Protein chains: 2
Amino acid sequence: MKKTITTFVLTFILLTTALPFQTIAAERVDTIIRGGTVVTMDNASRVIENGAVAIRGERLVAVGTSAEIARQYTARRIINANGKVVMPGLINTHTHVPMVLFRGIADDLLLPEWLHQYIFPAEAKNVDEAFVRWGTRLGCLEMIRGGTTTYVDMYYFEDAVAQETASAGMRAVLGETVLDFPAPDNKTWEAALSYTEKFVQKWQGHALIVPAIAPHAPYTVSTEHLKQAHAFSQRFGVPLVIHVAEDPSETKTIMERYKASSVAYLESLNFLDPRVIAAHMVWPTDDDIKTLAAREVGVAHCPQSNMKLAAGAAPVPQMLKAGVNVGLGTDGAASNNDLNMWEEIDTAAKLHKLISKDPRTLNAKDALQLATIGGARAIHLGQEIGSLETGKRADVIIVGMSSVHQTPLYNVYSHLVYATKASDVETVMINGKLVMQNRRVLTLDEGTVRAKANWYAARIRQSLSQK
Amino acid sequence: MKKTITTFVLTFILLTTALPFQTIAAERVDTIIRGGTVVTMDNASRVIENGAVAIRGERLVAVGTSAEIARQYTARRIINANGKVVMPGLINTHTHVPMVLFRGIADDLLLPEWLHQYIFPAEAKNVDEAFVRWGTRLGCLEMIRGGTTTYVDMYYFEDAVAQETASAGMRAVLGETVLDFPAPDNKTWEAALSYTEKFVQKWQGHALIVPAIAPHAPYTVSTEHLKQAHAFSQRFGVPLVIHVAEDPSETKTIMERYKASSVAYLESLNFLDPRVIAAHMVWPTDDDIKTLAAREVGVAHCPQSNMKLAAGAAPVPQMLKAGVNVGLGTDGAASNNDLNMWEEIDTAAKLHKLISKDPRTLNAKDALQLATIGGARAIHLGQEIGSLETGKRADVIIVGMSSVHQTPLYNVYSHLVYATKASDVETVMINGKLVMQNRRVLTLDEGTVRAKANWYAARIRQSLSQK
């Protein structure tokens, strides 16, 4: 009897205090991902064991322990991430996504042979808007499957790339290529600028797509046209994507033409500013590095592409030390030959140890930063993406940590950089929407995309065999 | 009526010619794998579209087109490899397999700190025969899942490694480590030699296991003991596994002690011969390379380990040009941090392009050779494994080629080297027996092995927190 009274009193206290408190305080959100190791990549490098994130609409409304989030929020959808890592989606800061249809078409060649015997003829004969659409679908499929949530593109028909990327639910900075030669989409400089203007006006302000202008490189675009591209970027307030200082032959060409390094030449045009995303940057001088830091230029480091094309090893530790924002990129699959960011992270960490002759260079956390918050800053979206922080876009991935090649686990950064593979990514959310769940991509039909890619490959193979 | 007669006559002709011919000529084998692209890695680099291999007992009895094999053989078991690649299993020429239990325990450190603060204490407190058994199980599981069929080990308690490897159905050259310091299994040099003798006598002649002696390195084993280890290898006719010329500090030490490079020093002891498997070989001189070729020393190139530990980049193109047999190795997972040969192949191809400043260096076919027939020759098993040829051991893998990251396909070598991942390996046969079928490993229980590995990790973590 005494026990019953005690139970009754206790229940009464609970009902009148805790429960109403819960009901009043618990805020409704769309999704809670809970129970995993939350690797925030925030400024404090917080790693929250048994952590959780709460998402409402397109944004993160809270990041904390599972207990903290449970106290404050209830959700329509709860995703259990027990034993898994919850982290920001990876950011591929440089690619040419539709070129995935040329994956492995030619390798192990000198650049002029590769370009003139394979890539240019293949592009001239095959690249049209439909090609770009299917290539973008295939590329988005591969990137989503590997946990990439944002990418930076530089190709042609970028309006089609934008449509397909938005439809796949991915975030991207999409640079329409402008250069001094006829391109598959636009045959003159004026036509290209006009296309880019329409493209920018159509997409600016979109939740997922950031339109951009992409003058190809200092050696393929005249001084006058570089100035026009830069003015365009300023006028519309859009990013400017460009290849800079990729290999010694570029350095030689620019030095001969303009008596300056690529970076110094661009600086002399007042071209460099916080809207520029410069890909490769393998050969900056010490002075160039200072310029890049001062002008807040973002750098897209592509370690595997630079190795495969024998371009060199970018001075990434030196750039980071000087305060340059550096991200990682895969480059196009025609040269690299995949869009796998995990391998870029792993390679970056190892390459810079080799080059600096010091195994402490670019440790696991530093390497992972390049692919997340570092990449976000390099593409000038550091306020919106790249880390799990309240108010940022909900670009979140859940990574399994119990595969054989990840067993056992001592240190989460080490495992993410040196042991985890793209195939360990299980679930991908971009801008608050699930695009892959338990390895099933929800926004694209894999069978259809693969079949069409094989159809294109047959056509491309035939086009190359005809003279 | 006329038609019926014609049909009857045709049937009669077929029955009296083709059918009896088939019955008489068709030889019975155990397994036929047919319909795939057979990448033989033989001397002629044959790639057979719609190819097949026939297997009886432990060996390949025929390699040809599916039509040829169908005419000559019938089989108890037919495996359809349509749309897939059929190729020799990969050969990991250097690892320390039980160290997989230390995967990622410490990274990004200078070698002395890594060794003395982490690896040596962790080994002293944890490595016993049971540890080695569970480590070997976990390592074999990872290797089988990635299509590795043969590996070369250097660790302690190799008798336990041998038991577990044979039980997993894998092929291995297993070197019991002997060195001038007390080891987890043997506390003196004499005890180690005696253990190794028993180990060799027990396993020599086994279908899967090749026992070996493994003096650790020229700087950890005295001149007298190196001579004894070499004499042991000669007396029993077993391979000798050793680390040689791994990093500049070794070169310096050996030069100070013996006034010679590591290779020249070993050559002066008449140590180098066609039984030696030398791991790393990052710093041979031009003369050393000639010596290695003349003495038919096999070299295990570990590109990722050498990068991660900042040891350097081995002169692989130069060694290959001089006729040295070079294979690829992952090194132990405590340093690398996985046993993934596909990533080593990809990294090797890219690293040597970077170092040689020529994208034509180590093309895709060359790189794949390192991991197959090159590796077989480097470990002195070139007559038995490394390619799909009549009479060789049936170490065969079936690799899926239709994943998103492999789509589309233009060139099979390019895709195997630059796009294929360990997770694309579907089926693995070693010595005529299936050890993995459609990604299910048949010889080990994955759940049990992972659980035990996690149990060890908890114990190891605790042991390191105690002084």
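Residues numbered from 1 in each chain as written. Chains lettered and ligands numbered in written order. Predicted model: local features only at pLDDT ≥ 70, side-chain atom pairs only at ≥ 80, totals over all residues. Heavy atoms only, no water.

1. Some details on the pattern of salt bridges
Right, so step 1: Throughout the structure, instances matching the rule amount to 51 salt bridges over all chains.
Right, so step 2: The partner of Lys290 of chain B in a salt bridge is Asp287 of chain B, with the nearest N and O atoms 3.9 Å apart. Taken together, the positions of Lys290 of chain B and Asp287 of chain B, both in helix α11 (residues 286–294) and three residues apart, correspond to about one turn of that helix. Each member of the pair, Lys290 of chain B as well as Asp287 of chain B, is classed as exposed.
Right, so step 3: Where Arg393 of chain B meets Glu384 of chain B, a salt bridge forms, and the shortest distance between an N and an O atom there is 3.0 Å.
Right, so step 4: Judged by its relative accessible area of 12%, Arg393 of chain B is buried.
Right, so step 5: Judged by relative accessible area, which is 26%, Glu384 of chain B ranks as partly exposed.
Right, so step 6: Several salt bridges converge on common partners, so that one network encompasses Glu58, Arg59, Glu384 and Arg393 of chain A. (Salt bridge = Lys/Arg side-chain N within 4 Å of Asp/Glu carboxyl O. Helix = DSSP H or I, 4+ residues; strand = E, 2+ residues; numbered from the N terminus. Buried < 20%, exposed > 50% of the residue type's maximum accessible area, 1.4 Å probe, protein only.)

2. Focus: the environment of Lys357 of chain A
Residue and element names in this part refer to chain A.
Right, so step 1: Secondary-structure assignment places Lys357 in the loop between α14 (341–356) and α15 (364–371).
Right, so step 2: What makes Lys357 exposed here is its relative accessible area of 68%.
Right, so step 3: For the pair Lys357 and Gln228, spaced 129 residues apart in sequence, the C-alpha to C-alpha distance is 43 Å.

3. Comments concerning the domain arrangement of chain A
Residue and element names in this part refer to chain A.
Right, so step 1: Along its sequence, chain A is organised into domain 1 (2–82) and domain 2 (90–393).
Right, so step 2: On a C-alpha basis, the centres of domain 1 and domain 2 stand 40 Å from each other.
Right, so step 3: Contacts between domain 1 and domain 2 engage 14 residues on the former and 16 residues on the latter.
Right, so step 4: In total, about 1,200 Å² of surface goes out of reach between domain 1 and domain 2, with carbon and sulfur atoms giving 51% of it.
Right, so step 5: The three residues of domain 1 that bury the most area against domain 2 are Met41, Arg59 and Leu60, which together make up 50% of that side's buried surface.
Right, so step 6: Inspection of the region where domain 1 meets domain 2 yields two salt bridges.
Right, so step 7: Its salt-bridge partner being Arg393, residue Glu58 comes within 2.7 Å of it at the nearest N-O pair.
Right, so step 8: Mapped onto the side of domain 1 that touches domain 2, the elements with two or more residues apiece are β1 (27–39) and β3 (59–65).
Right, so step 9: No other element matches β3, which puts five residues into the side of domain 1 that touches domain 2.
Right, so step 10: Broken down by class, the residue content of the side of domain 1 that touches domain 2 amounts to eight nonpolar, three polar and three charged. (Domains from an automatic or database assignment. Contact = heavy atoms within 4.5 Å. Buried area = accessible area lost by both parts, 1.4 Å probe. Nonpolar A, V, L, I, M, F, W, Y, C, P; charged D, E, K, R; others polar.)

4. A word on the packing of aromatic side chains
Right, so step 1: For the structure on display, the rule yields twelve aromatic pairs over all chains.
Right, so step 2: Here Tyr155 of chain A and Tyr156 of chain A contribute two aromatic rings whose centre-to-centre distance is 4.8 Å and whose plane-to-plane angle is 50 degrees, an arrangement assigned as tilted.
Right, so step 3: Judged by relative accessible area, Tyr155 of chain A falls into the buried class, the value being 3%.
Right, so step 4: A network of ring pairs unites the aromatic residues Phe102, Phe131, Trp455 and Tyr456 of chain A as a single cluster.
Right, so step 5: A cation sits over an aromatic face here: Arg137 of chain A above Trp134 of chain A, 4.3 Å from the ring centre.
Right, so step 6: Its guanidinium or amino end placed over the ring of Trp455 of chain B, Lys452 of chain B lies 4.3 Å from that ring's centre, counting from NZ or CZ. (Phe/Tyr/Trp six-rings, centres within 6.5 Å; stacked < 30°, edge-to-face > 60°. Lys NZ or Arg CZ within 6 Å of the ring centre and 35° of its normal.)

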